[in-house]
Amino acid sequence: MQPGIHPAYRPVVFRDRAADFAFLTRSTATSDKTVEWQDGNTYPVIDVEISSASHPFYTGNQRVVDTAGRVERFERRYGRGRRDR
């Protein structure tokens, strides 16, 4: 690697607040916020909306989607059986 052209690659904490889950890894991502990690050191922290701890694919939990309400709203808006146009 050429010196001076690459971003700094350092330890960063990624935190999923919805699942109360965090992990320490190395990244080039930057943040002004910091957090004290389990080893006593302070690292930059990046809050993410979803991680493997909260994603339905990894957890096996599906979110409930109101499909019946959506279908009824569609039928009210566009009517039923309007194919004869």
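The shown structure was predicted, so the numbers you read here are calculated from the model rather than taken from an experiment.

**Looking at the pattern of salt bridges**
For the structure on display, the rule yields three salt bridges. Of the charged contacts in the structure, one is a salt bridge between D47 and K33, with a shortest N-O distance of 3.2 Å. Remark: K33 occurs in the loop between strand 2 (21-27) and strand 3 (34-36) and D47 occurs in strand 4 (residues 42-48); sequence separation between them is 14 residues. A relative accessible area of 48% means that K33 is categorised as partly exposed. It is possible to trace a salt-bridge network through shared partners that takes in R15, R17, K33 and D47.

**Regarding the environment of V48**
You can see V48 is positioned in strand 4. Along the primary structure V48 and R17 are separated by 31 residues, whereas in three dimensions their C-alpha atoms are 7.4 Å apart. If we skip the residues at most four places from it in the chain, V48 touches F14, R15, D16 and R17.

Definitions and cut-offs
Residue indices follow the written sequence of each chain, beginning from 1 at its first position. At least 70 in pLDDT is required for a residue's local features to be given in this predicted model, at least 80 for side-chain atom pairs to be given and counted, and no such filter applies to totals for whole chains, interfaces and linings, which use all residues. Side-chain metrics rest on all non-hydrogen atoms present in the structure, leaving aside hydrogens and water. A carboxyl oxygen of Asp or Glu within 4 Å of a side-chain nitrogen of Lys or Arg is what we treat as a salt bridge. For helices the rule is a DSSP run of H or I covering at least 4 residues; for strands it is a run of E covering at least 2, with both sets numbered from the N terminus onward. When a residue's accessible area, from a 1.4 Å probe over protein chains only, is under 20% of the maximum for its type it is buried; when over 50% it is exposed; and in between it is partly exposed. Contact definition: two residues touch when any of their heavy atoms are within 4.5 Å.

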